[in-house]
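Residue-level structural notes
The residues making up each chain are set out below.
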Amino acid sequence: KAGVTQTPRYLIKTRGQQVTLSCSPISGHRSVSWYQQTPGQGLQFLFEYFSETQRNKGNFPGRFSGRQFSNSRSEMNVSTLELGDSALYLCASSSATSSYGYTFGSGTRLTVV
Amino acid sequence: QKEVEQNSGPLSVPEGAIASLNCTYSDRGSQSFFWYRQYSGKSPELIMFIYSNGDKEDGRFTAQLNKASQYVSLLIRDSQPSDSATYLCAVEGGGNKLVFGAGTILRVKS
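Throughout what follows, the structure given in this document is the object of discussion. If you're wondering where the values come from, they're calculated on a predicted model, not measured in any experiment. (Residues numbered from 1 in each chain as written. Chains lettered and ligands numbered in written order. Predicted model: local features only at pLDDT ≥ 70, side-chain atom pairs only at ≥ 80, totals over all residues. Heavy atoms only, no water.)

Section: the packing of aromatic side chains
Under the definition given, this model contains 12 aromatic pairs over all chains. Between Tyr35 of chain A and Phe100 of chain B, the aromatic rings sit 5.5 Å apart at their centres with planes inclined by 85°, giving edge-to-face as the arrangement. Of this pair, Tyr35 of chain A sits in strand 4 (residues 31-38) while Phe100 of chain B sits in strand 10 (residues 98-100), on two different chains. The burial state of Tyr35 of chain A is the same as that of Phe100 of chain B; both residues are buried. Each ring, one from Phe47 of chain A and one from Tyr49 of chain A, has its centre 5.7 Å from the other, and the planes form 70°; the classification is edge-to-face. Here Phe47 of chain A matches Tyr49 of chain A in class, with each residue buried. (Phe/Tyr/Trp six-rings, centres within 6.5 Å; stacked < 30°, edge-to-face > 60°. Helix = DSSP H or I, 4+ residues; strand = E, 2+ residues; numbered from the N terminus. Buried < 20%, exposed > 50% of the residue type's maximum accessible area, 1.4 Å probe, protein only.)

In structure tokens form, the structure reads like this:
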């Protein structure tokens, strides 16, 4: 059974640019969550999608957005990148709710210069 | 603001000893609790989850939950150098999300 796949693994962008990250959940999982991990803030919840609907959103500015497709694959987009957006972005999938925990992907390491 | 608190460590234990990791949480209504292990440069990996008061054992790992005192702990018996990692405590925060603590760094010395 394939795990959660995130692409790309590494990304270097310039301030002001935008970026799109992709996540393919475990087959059969319909819930996809996104987290930002930084040394100072730890793992911070960005948003969660289920059946193409955003069910919850964390306390991040509107520059951070996401979507989910009918095959449960998800993308997140960050516009007008800032240096502080440099982080490991983790996608996690679960069957329906967070009650049983998540399986995380390997993450996308974003560096903004 | 729901919070999960962990001692950042590092917690150093000799090989073969028991490592005890602790976590407290603020939301008394939380029902599900998780321990993730994260090796340097890798993503978090779920190692234990617990829903009921008491102990839950899985191999060398034991999770302990005390809802009245709002703490959850993880014991690692016969610690091995390969257990050296950051251990993240997570609590279901409602709205289909998990709230994570900052993590405890564990170092097992051979």
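Thoughts on the sheet that holds strand 3 (residues 19-25) of chain B
Within a sheet, adjacent strands bond to each other through the backbone by hydrogen bonds, running parallel or antiparallel. All names here are of chain B. One open sheet accounts for 5 strands, arranged 1-3-8-7-6; its pairing is antiparallel. On the outer flanks of this sheet lie strand 1 (4-6) and strand 6 (54-58), each paired with one strand and no other. The mean angle between the axes of side-by-side strands here comes to 20°, regardless of whether they run parallel or antiparallel. (Pairing = 2+ DSSP bridges. Axes fitted to C-alpha atoms, helices over the stretch in contact; angles between N-to-C directions.)

A closer look at the side chain of Thr62 of chain B
Residues and elements named next belong to chain B. Structurally, Thr62 can be placed in strand 7 (residues 61-66). In terms of polar contacts, Thr62 uses its side chain to reach the side chain of Arg77, at 2.6 Å. Dropping the residues within four chain positions of it, Thr62 is found in contact with Met48, Asp55, Lys56, Glu57, Ser73, Leu74, Leu75 and Arg77. (Polar contact = N/O pair within 3.5 Å; in protein donor to acceptor, adjacent residues only side chain to side chain. Contact = heavy atoms within 4.5 Å.)

Re the interface of chain B and chain A
Between chain B and chain A, the residue contacts involve 16 residues of the former and 20 residues of the latter. Summed over the shared surface of chain B and chain A, the result is 0 salt bridges. Linking chain B with chain A are 7 residue pairs in polar contact (both at pLDDT 80 or more). Among the elements of the structure, strand 4 (33-38), strand 9 (85-92) and strand 10 of chain B are those that each provide at least two residues to the side of chain B that touches chain A. Sort the elements by how many residues they give to the side of chain B that touches chain A and strand 4 of chain B lands first, with 3 residues. Looking at the side of chain B that touches chain A residue by residue, the class counts come to 8 nonpolar, 6 polar and 2 charged. (Salt bridge = Lys/Arg side-chain N within 4 Å of Asp/Glu carboxyl O. Nonpolar A, V, L, I, M, F, W, Y, C, P; charged D, E, K, R; others polar.)

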